[in-house]
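One letter stands for each residue in the lines below.
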Amino acid sequence: MPDSVNSLIGRARKAIGLDRADGSDSPVIKFLLRFQSIIGFILLFIIACFVCVKDGRNNFLAVNNLMNVLRAVSENGIIAIGMTMVILLGGVDLSVGAVIALVGTGAATMMMQWHWGFLLTVLLSLLIGAAFGFFNGTVITRMRMQPFLVTLASMNIARGLARMWSNGSGVPLSYTPGNAPVEFSYLAERLFGVVPVPAIIFIVLTAIFAWVLKFTRFGRQVYATGGNKRAAHLAGINVKRITLAVFMLSAMLAAVAGMIHAAQTTQGGPNDGMGYELNAIAAVCIGGTSLAGGKGTVFGTCIGALILGLLDNIMGLNAVDSNIQLIVKGLIVIMAVFMQAGKPTDE
């Protein structure tokens, strides 16, 4: 970025109170950085309560609508959990959307054509995800390649395998006798007819991985590796093993999302999941995780996913043009990254 632009941004940040005169962060920016996702979620929720009123009825606050928001964000939220860990390492995983397609197609094929049971299908689907994550992690660590390039290539590999597996077309799911087991359909149902099962899975996984990152040795090693790989290595952390484990977990979470996606769409499609990796990255950024690695939380990512879901819901209820929706979400991601990127230099 040109020095003149850096200087202009620096003066603008000081003018609005984001930086002090001595160049350090002001209390305002420290507060916003710490709670940016929560503040954004609260403000957006309040806005939704006012702009989604039609004929004297608040369509946004309807229980069914709020449950639909939770259901809609569940898939993105689940893969964003894995993306959070990858980005905490300073990497990125572009293959998760394609893994959704591969696992969804594979699960549908296992049940509809091979007549395998629910548990076996779930276990093998998770194994497919783990194997794909193992491939990504091994190439990254052993061949010392950038995660961006490796996962970009594996995205095409997974998509190609999904199309080969299904002969290029979707595999429809039917829960009649002799076809897919009815247990798989529960992934798209609502508990007590109200709370979507995908939302419950998302919340449980969020709690589990938030605990893992905060209270376990593995979690501390992930943060240490992302903060400074060389220092982590000198401290006795097996950086390659941590990287491999994180990419395996990311792909396995994508596999979970793939099964949920197949259950909700009642088919396994080789073209499903396109762009999901970008939505997951957006949720992670909005949630406050640093793209440089070493800083962020799964809880923040959960809030980031909910913010994206609220945005989609608000604009959908107000019939906002889909192209405008994309622009708005893109601008919000830029704002989130700007808030966490730190102040530009005037040098």
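Residues numbered from 1 in each chain as written. Predicted model: local features only at pLDDT ≥ 70, side-chain atom pairs only at ≥ 80, totals over all residues. Heavy atoms only, no water.

**Points about a nonpolar patch on the surface**
Then step 1. Side chains of Ile38, Ile42, Ile46, Ile47, Phe50, Val51 and Phe299 sit close together on the surface and give an oily, nonpolar patch of about 650 Å² of accessible area.
Then step 2. Inspection of the secondary structure assignment puts Ile46 in helix H2 (residues 27–51).
Then step 3. By relative accessible area, which is 42% here, Ile46 ends up partly exposed. (Patch = residues over 30% accessible without salt bridge, like charges linked within 9 Å, V, L, I, M, F, W, Y side chains within 5 Å. Areas by Shrake-Rupley, 256 points an atom, 1.4 Å probe, with all protein chains shown as cover. Salt bridge = Lys/Arg side-chain N within 4 Å of Asp/Glu carboxyl O. Helix = DSSP H or I, 4+ residues; strand = E, 2+ residues; numbered from the N terminus. Buried < 20%, exposed > 50% of the residue type's maximum accessible area, 1.4 Å probe, protein only.)

**Describing the confidence of the model for the chain**
Then step 1. Counting all residues, the mean pLDDT for the chain is 88, and 88% of those residues have values of 70 or more.
Then step 2. pLDDT under 50 marks residues 343–347. Its contacts with residues more than four places away, or in other chains, come to 16 contacts. (pLDDT = per-residue confidence, 0-100. Contact = heavy atoms within 4.5 Å.)

**Observations regarding helix H12 (residues 298–317)**
Then step 1. With 20 residues, H12 extends 28 Å from end C-alpha to end C-alpha; this agrees with the ideal 28 Å at 1.5 Å per step.
Then step 2. Of all 20 residues making up H12, 16 are buried, and the element is well covered by its neighbours.
Then step 3. Its side-chain oxygen at 2.9 Å from the backbone nitrogen of Gly300, Thr297 defines the N-terminal cap of H12.
Then step 4. Just downstream of H12, Ala319 is the residue with a positive phi angle, here 55°. (Expected span 1.5 Å × (residues − 1). Polar contact = N/O pair within 3.5 Å; in protein donor to acceptor, adjacent residues only side chain to side chain.)

**Some words on the packing of helix H7 (residues 197–215) against helix H10 (residues 239–265)**
Then step 1. At their nearest, the axes of H7 and H10 sit 11 Å apart, and the two run at 170° to each other. What the angle tells us is that H7 and H10 run roughly antiparallel. On the side of H7, the interface is formed by Pro198, Ile201, Leu205 and Phe209, while H10 contributes Leu249, Leu253, Val256, Ile260 and Gln264.
Then step 2. Taken together, the residues of the contact of H7 with H10 break down into 8 nonpolar, 1 polar and no charged. (Axes fitted to C-alpha atoms, helices over the stretch in contact; angles between N-to-C directions. Parallel < 35°, antiparallel > 145°, perpendicular 65-115°, else oblique. Nonpolar A, V, L, I, M, F, W, Y, C, P; charged D, E, K, R; others polar.)

**Structural notes on the packing of helix H4 (residues 96–112) against H10**
Then step 1. The geometry of H4 relative to H10 is characterised by a closest axis approach of 7 Å and an angle of 50° between their N-to-C directions. Taken together, H4 and H10 sit at an angle that is classed as oblique. Judged by the twist between their axes, the crossing of H4 over H10 is right-handed. Contacts from Val96, Val99, Ile100, Val103 and Gly104 in H4 reach Ser250, Ala251, Ala254, Ala255, Ala257, Gly258, Met259, His261 and Ala262 in H10. (Left-handed = near helix turned anticlockwise from the far one by under 90°.)

**Here we look at the nonpolar core**
Then step 1. By size, the foremost hydrophobic cluster in this structure holds 83 residues, and its most contacted members are Ile78, Met83, Leu173 and Phe184.
Then step 2. The element that contributes the greatest number of residues to this core is H10, accounting for 13 residues.
Then step 3. Setting aside residues up to four positions removed in sequence, Met83 forms contacts with Val92, Asp93, Val96, Ser250, Glu277, Ala280, Ile281 and Val284. (Core = buried A, V, L, I, M, F, W, Y, C linked by side-chain atoms within 4.5 Å.)

**As for H7**
Then step 1. Counted at 1.5 Å a residue, the expected span for H7 with its 19 residues is 27 Å, and the 27 Å between its end C-alpha atoms agrees.
Then step 2. For H7, the set of buried residues is Val197, Pro198, Ala199, Phe202, Leu205, Thr206, Phe209, Val212 and Leu213.
Then step 3. Buried residues in H7 make contact with helix H3 (63–88), strand S4 (190–191), strand S5 (195–196), helix H8 (217–227), H10 and H12.

**Structural notes on the environment of Thr301**
Then step 1. If you trace the backbone, Thr301 turns up in helix H12.
Then step 2. Its relative accessible area of 0% is what places Thr301 among the buried residues.

**A look at the packing of aromatic side chains**
Then step 1. A full pass over the atoms with the stated rule returns 6 aromatic pairs.
Then step 2. Consider the rings of Phe118 and Phe184, whose centres lie 6.4 Å apart with planes at 70°: the pair is edge-to-face. Of the two residues, Phe118 sits in helix H5 (residues 118–142) while Phe184 sits in the loop between strand S3 (171–172) and S4, which places them 66 residues apart along the sequence.
Then step 3. Judged by relative accessible area, Phe118 falls into the partly exposed class, the value being 23%.
Then step 4. With a centroid separation of 6.3 Å and an interplanar angle of 55°, the aromatic rings of Phe132 and Phe135 are classed as tilted. One end of the pair is Phe132 and the other is Phe135, both in helix H5 and 3 residues apart, which spans about a single turn.
Then step 5. The exposure class assigned to Phe132 is buried, which follows from its relative accessible area of 9%.
Then step 6. A relative accessible area of 38% means that Phe135 is categorised as partly exposed. (Phe/Tyr/Trp six-rings, centres within 6.5 Å; stacked < 30°, edge-to-face > 60°.)

**Some points on the environment of Ile87**
Then step 1. Within the secondary structure, Ile87 is located in helix H3.
Then step 2. The spacing of Ile87 and Lys295 is 208 residues in sequence and 9.0 Å in space, taken between C-alpha atoms.
Then step 3. Once residues lying within four places of it in the same chain are set aside, the contact partners of Ile87 are Val284, Thr289, Ser290, Leu291 and Gly293.

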